[in-house]
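Chains, contacts and geometry: an overview
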Amino acid sequence: MPCNCCEITDNAFTEAEARSELKSYRKRGPAEQTKLILTAIRSLNLKNADLLDIGGGIGTIHHELLKDVVRTATHVDASSAYLKEAKEEAVRRGHSDRVNFIHADFTDVAPELPKVDLVTLDRVVCCYPDFRGLLKSAADHSKSAIALTYPRETWYMRFGLRVINFFQGLRKDPFRVFLHPVAEMDSLLKKEGFERVSLRRLLVWEMALYQKSGGAA
Ligand SMILES: C[S@@+](CC[C@H](N)C(=O)[O-])C[C@H]1O[C@@H](n2cnc3c(N)ncnc32)[C@H](O)[C@@H]1O
């Protein structure tokens, strides 16, 4: 699907938002939905894994997993503001030499990137119209597991996202949030050879962990 998503997403996430998220992470640690991903991945008991974090924002997932599970990380993000904060934090934590930062729409650069053990998409599919293309590319890059969070398919999320998009339209801002069909995301990942091994819910977010079928991660 042709899409100027990188440009749209770059404008959607400002430096002020990115700075404020980093400030909150330094003060309070990972957000609740991110903790679900971290716990799910740690339950796989991997060591020295290579991670691809798509739309990693300020980089919370690799900042955390580089402590124990992950050896190297690739952080692909369409937002230059988020990448800037993620890089600064990686330098501050002394692990910037283990993270490859790429400013791009993942679906554009995916063919150039190698397969890794783990792929994460924390609150990313909801920012992207073509969830099928995004998840297919993500699945193609994972040897072992994929963990993602997305908005829950409930009446209040449908309503809330409609309200957000209504105001985005009023502001003439082309960025939209999407509530993609969970059953379709699930069946796509199953077709790509993954099985869902964990599903956790918060009020707003759902977290699903997929493992490659027939092989231990
Ligand atoms: C709501 S933020 C979430 C950031 C972070 N994962 C978190 O949960 O704090 C969505 C992120 O996904 C990125 N993004 C969305 N679609 C993308 C794509 N196709 N390729 C790369 N990054 C993408 C945005 O630039 C943004 O950094």
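Note: the structure precedes this text.
Treat the numbers as computed from the prediction; the structure is a model and nothing was measured. Starting afresh in each chain, residues are numbered from 1 along the sequence in its written order. Thresholds applied to this predicted model are a pLDDT of at least 70 for local features of residues and 80 or more for the giving and counting of side-chain atom pairs; totals over whole chains, interfaces and linings are not thresholded and use all residues. Side-chain numbers here rest on the full set of heavy atoms in the structure, without hydrogens or water.

Bringing the packing of aromatic side chains into the picture now. Between the rings of Phe, Tyr and Trp (Trp by its six-membered ring), a pair exists once the centres lie within 6.5 Å; its type follows the angle of the planes, with under 30 degrees stacked, over 60 edge-to-face, and the other angles tilted. Counted according to the given criterion, the structure contains 4 aromatic pairs. Taken together, a centroid distance of 5.6 Å and an interplanar angle of 90° make the contact between W155 and Y156 edge-to-face. To sort residues, take the accessible area from a 1.4 Å probe on protein chains only and compare it with the maximum for the residue type: under 20% means buried, over 50% means exposed, and anything in between is partly exposed. Here W155 falls in the exposed class, since its relative accessible area comes to 68%. Among the aromatic residues, those joined into a cluster by ring pairs are F13, Y82 and F175.

Numbered from the N terminus, helices here are DSSP runs of H or I no shorter than four residues, and strands are runs of E no shorter than two. Among the structural elements, D77 can be located in strand β2 (residues 70-77). As used throughout, the charge tally considers Lys and Arg to be positive and Asp and Glu to be negative, leaving His and the chain termini uncounted. The salt bridge criterion pairs a side-chain nitrogen of Lys or Arg with a carboxyl oxygen of Asp or Glu, the two atoms within 4 Å. For the buried D77, no salt bridge is present, and the opposite-charge side chain at shortest range is R123, 9.5 Å distant. For the purposes of these results, a polar contact is taken to be a pair of N or O atoms within 3.5 Å, where, inside protein, one atom must be able to donate a hydrogen and its partner to accept one; residues adjacent in sequence count only when each atom of the pair is a side-chain atom. A distance of 3.1 Å separates a polar atom in the side chain of D77 from the backbone nitrogen of G56. Among the polar contacts made by the side chain of D77, one reaches the main-chain amide nitrogen of S79 at a distance of 2.8 Å. Residues in contact with D77, not counting those within four places in the same chain, are G55, G56, G57, Y82, L83, I102, H103 and A104. It only takes one pair of heavy atoms within 4.5 Å for two residues to be counted as in contact.

What follows covers the nonpolar core. We call a set of buried Ala, Val, Leu, Ile, Met, Phe, Trp, Tyr and Cys residues a nonpolar core when their side-chain atoms join them within 4.5 Å. By size, the foremost hydrophobic cluster in this structure holds 30 residues, and its most contacted members are I54, L121, L135, I146 and L148. Elements with a minimum of two residues in this core: β1 (49-54), α6 (106-109), β4 (116-122), α7 (131-140), β5 (142-151), α9 (182-191) and β7 (205-212). Per-element tally for this core: the top contributor is α7, with 5 residues. In contact with L135, other than residues within four places in its own chain, are L121, V125, L148, M185, L188 and L189.

What follows deals with the pairing of β4. Within β4, 7 of the 7 residues are buried, which leaves the element mostly enclosed by the surrounding structure. Both β1 and β4 contribute to a ladder of 3 bridges, which runs parallel. Bridging from a neighbouring strand, D53 pairs with T120 of β4. With 6 bridges connecting them, β4 and β5 associate as parallel partners. Each bridged residue has a counterpart across the sheet, and for T120 the counterpart in β5 is A147. Think of it like this: strands point away, you trace from the first strand over the helix to the second, and a clockwise trace means the crossover is right-handed. Read from β4 through α7 to β5, the crossover connection turns out right-handed. Criterion used throughout: strands pair if DSSP finds at least two bridges between them.

Relative orientation of the contacting elements helix α2 (residues 15-28) and helix α5 (residues 80-93) amounts to 35°, with a least axis distance of 8 Å. Where α2 crosses over α5, the handedness of that crossing is right-handed. Every residue of α5 that contacts α2 at E15, A18, R19, E21, L22, Y25 and R26 is listed here: A81, Y82, K84, E85, E89, R92 and R93. For the contact of α2 with α5, a count of residues per class yields 5 nonpolar, no polar and 9 charged. To define axes, lines are fitted to C-alpha atoms, for helices over the stretch in contact only, and angles between the resulting N-to-C directions are given on a 0 to 180 degree scale. Each helix crossing is assigned a hand: it is left-handed if the near helix lies turned anticlockwise from the far helix by less than a right angle, otherwise right-handed if that turn is clockwise. Under the scheme applied, nonpolar residues are Ala, Val, Leu, Ile, Met, Phe, Trp, Tyr, Cys and Pro; charged residues are Asp, Glu, Lys and Arg; polar residues are all the others, including Gly.

Below, the discussion takes up α2. For a helix, the expected span equals 1.5 Å multiplied by the number of residues minus one. For α2, which comprises 14 residues, the first-to-last C-alpha distance of 20 Å matches the rise-based estimate of 20 Å (1.5 Å per residue) to within 8%. Along α2, the residues that are buried comprise A18, L22 and Y25. Looking down the long axis of α2, one finds its buried residues gathered within 60° of arc, a one-sided arrangement. Residues of α2 that are exposed and point more than 90 degrees away from the buried face comprise K23, K27 and R28. Among the structural elements, α4 (60-65) and α5 are those in contact with the buried residues of α2. Taken from the residues just after α2, G29 is the one with a positive phi, measuring 85°. Relevant arc is that of directions from the helix axis to the C-beta atoms, nothing else.

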